[in-house]
Amino acid sequence: MTMPGFRVIRPSSVDEAVRVLADNGPEAMVIAGGTDVVPNLQMRLFAPRVLVDIKGIGELRGITCNDRVGLRMGALTTLTEIAEWKFVERCFPVLGSAVRSVAGPLQRNMGTIGGNLCLETRCLWYNQSEFWRQSLGGCLKKQGDVCHVAPGGQRCWAVWSGDSAPALLTVEAELEIAGPGGRRRIPLAEFYRNDGMNRIALGRGELVVAVHVPVSSAFRRGVYRKLRVRDSIDYPLAGVAVAMKVDGQGICRAARVALAAVNPAPQLVHAAAERLEGKRYSAELVEEIAHEAIRTAKPLTTSASTPVYRRDMVRLFTRRALEELWQTRRGNGEKRAG
Ligand SMILES: Cc1cc2nc3c(=O)[nH]c(=O)nc-3n(C[C@H](O)[C@H](O)[C@H](O)COP(=O)(O)OP(=O)(O)OC[C@H]3O[C@@H](n4cnc5c(N)ncnc54)[C@H](O)[C@@H]3O)c2cc1C
């Protein structure tokens, strides 16, 4: 489990980082907190010639929030900083709930929101030592030509296992990306490709600068529920994020449900927005959305739990989250911005 040799470059600005990344192409890799990159280097899942350590770039740090532009989190904002940000529970409870569930305190102190949104996909056959992988002849994602999850196909089923992405999907987040052509913004929902090998829409020389959440998504009720082996540290085996706005009469005015760890990308359950808005609570409606969540989820044998159990938990988590959020009484605070 030794690391391959590499050179570390520490740019001090976004422009410099973009230049280094563009010049080195696939030979370069960004490292932020390193909590995913370092174990993966140790397992020899990749061997970049250059590591671009972005931690010295001041522009990538910090949280700002106001009622004109909404929330902006620099890519280097740590998960602990988000969990401890004083407005997270009031303004974006689904995000607070999700980041608190990531790994353990050590990883949350080091791990950044940018790194969490750009994680490598994971799979039982891929996240193993080089020796273990070689004994099976590798897999589609690394050194082989067979997907052990779905051996007949040519698709990699490695799974999206990050927790903050589904939460940010439910509040319609956007990413600010810098690259050789300048800056662009992209809805988070369009950032993920649902392909275990080619997971995110980042081009050569590009890096994530910040995450933006619109004011219109603030004050939605929200929660993230997660299945994992050990509650103290593990990656999700299934994750369900729900955010919704309910008016004083109990009518749903906005609703988003998103899933993690059951597809190669975090995914919105589109039926939730379509069928819940304008409706009052009913057990049948909630069960219907829970079944839609199962239809969106495609858990395969990529992790330590069975697909059947993970699908069942997606249904249960969706139902419980909707019940909890819909039936909670809130004060006026959830309607006010600022
Ligand atoms: C024991 C353990 C348990 C874990 N459990 C969980 C868990 O439960 N849930 C979970 O979500 N994660 C988990 N993780 C993964 C990880 O700790 C977090 O996802 C963390 O937020 C990753 O952030 P980082 O800054 O350390 O990323 P890094 O390791 O630095 O980077 C991760 C990936 O993102 C890319 N990257 C980083 N920043 C940028 C940027 N600004 N622009 C473009 N690309 C970028 C890197 O090139 C790399 O591909 C776990 C890790 C460990 C070791």
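In this text, all values refer to a predicted model and were calculated from it rather than measured experimentally.

A.B. asks: Where do I start with the overall build of the protein chain in this structure?
C.D. replies: The number of helices and strands found in the protein chain is 13 helices and twelve strands. For the protein chain, the C-alpha radius of gyration of 20 Å lies close to 20 Å, the compact-globule estimate for 338 residues. Counting only C-alpha atoms, the protein chain reaches 60 × 45 × 35 Å along its principal axes. Carbon and sulfur atoms make up 51% of the accessible area of the protein chain, which totals about 14,900 Å². Here the protein chain holds 47 positive side-chain charges and 34 negative ones, and the gap between their average locations is 2 Å.

A.B. asks: Help me understand the domain arrangement of the protein chain, please; the structure alone is not making it clear to me.
C.D. replies: Interface size is often expressed as the accessible area that is lost when the parts come together. You can read the domains of the protein chain as domain 1 (1-55) and domain 2 (63-118 + 159-332). Put simply, the middle of domain 1 and the middle of domain 2, counted by C-alpha atoms, are 27 Å apart. Here domain 1 and domain 2 share an interface that buries about 1,100 Å² over both sides, 72% of which is from carbon and sulfur atoms. Area buried by domain 1 at its contact with domain 2 is led by Val14, Val18 and Thr35, which between them contribute 37% of it. For the pair domain 1 and domain 2, the interface holds zero salt bridges. Of the residues belonging to the side of domain 1 that touches domain 2, the class tally is eight nonpolar, four polar and three charged.

A.B. asks: Even after reading the chapter, I still don't get the packing of aromatic side chains, so can you show me in this structure?
C.D. replies: To describe a pair of aromatic rings, one takes the distance between the centres and the angle between the planes. Evaluation of the coordinates by the stated rule reveals four aromatic pairs. Summarising the aromatic geometry, the rings of Trp85 and Phe87 are spaced 5.8 Å apart at their centres and angled 80° between planes, so their arrangement reads as edge-to-face. Overall, the relative accessible area of 15% leaves Trp85 in the buried class. For Phe87, a relative accessible area of 32% corresponds to the partly exposed category. Ring centres 5.2 Å apart and planes at 75° place the aromatic pair Phe191 and Tyr192 in the edge-to-face group. No difference in accessibility class separates Phe191 from Tyr192, as the two residues are buried. Members of the aromatic cluster, joined through ring pairs, are Trp160, Phe191 and Tyr192.

A.B. asks: Help me understand the sheet that holds strand 2 (residues 28-31), please; the structure alone is not making it clear to me.
C.D. replies: Where strands meet in a sheet, backbone hydrogen bonds hold them as pairs that are either parallel or antiparallel. The three strands are arranged 1-3-2 in an open sheet whose pairing can be described as parallel. Looking at strand neighbours, the two that pair on one side only are strand 1 (7-9) and strand 2, the edges of this open sheet. Direction aside, the axes of adjacent strands within the sheet are offset by 30° on average. As paired elements, strand 1 and strand 3 (residues 50-53) share three bridges and run parallel to each other. Paired with Ile9 across the two strands is Val52, which belongs to strand 3.

The rules behind each value
Residues numbered from 1 in each chain as written. Predicted model: local features only at pLDDT ≥ 70, side-chain atom pairs only at ≥ 80, totals over all residues. Heavy atoms only, no water. Helix = DSSP H or I, 4+ residues; strand = E, 2+ residues; numbered from the N terminus. Rg over C-alpha atoms; globule rule 2.2 N^0.38 Å. Areas by Shrake-Rupley, 256 points an atom, 1.4 Å probe, with all protein chains shown as cover. Lys, Arg positive; Asp, Glu negative; His and termini not counted. Charge placed at Lys NZ, Arg CZ, Asp CG, Glu CD. Domains from an automatic or database assignment. Buried area = accessible area lost by both parts, 1.4 Å probe. Salt bridge = Lys/Arg side-chain N within 4 Å of Asp/Glu carboxyl O. Nonpolar A, V, L, I, M, F, W, Y, C, P; charged D, E, K, R; others polar. Phe/Tyr/Trp six-rings, centres within 6.5 Å; stacked < 30°, edge-to-face > 60°. Buried < 20%, exposed > 50% of the residue type's maximum accessible area, 1.4 Å probe, protein only. Pairing = 2+ DSSP bridges. Axes fitted to C-alpha atoms, helices over the stretch in contact; angles between N-to-C directions.

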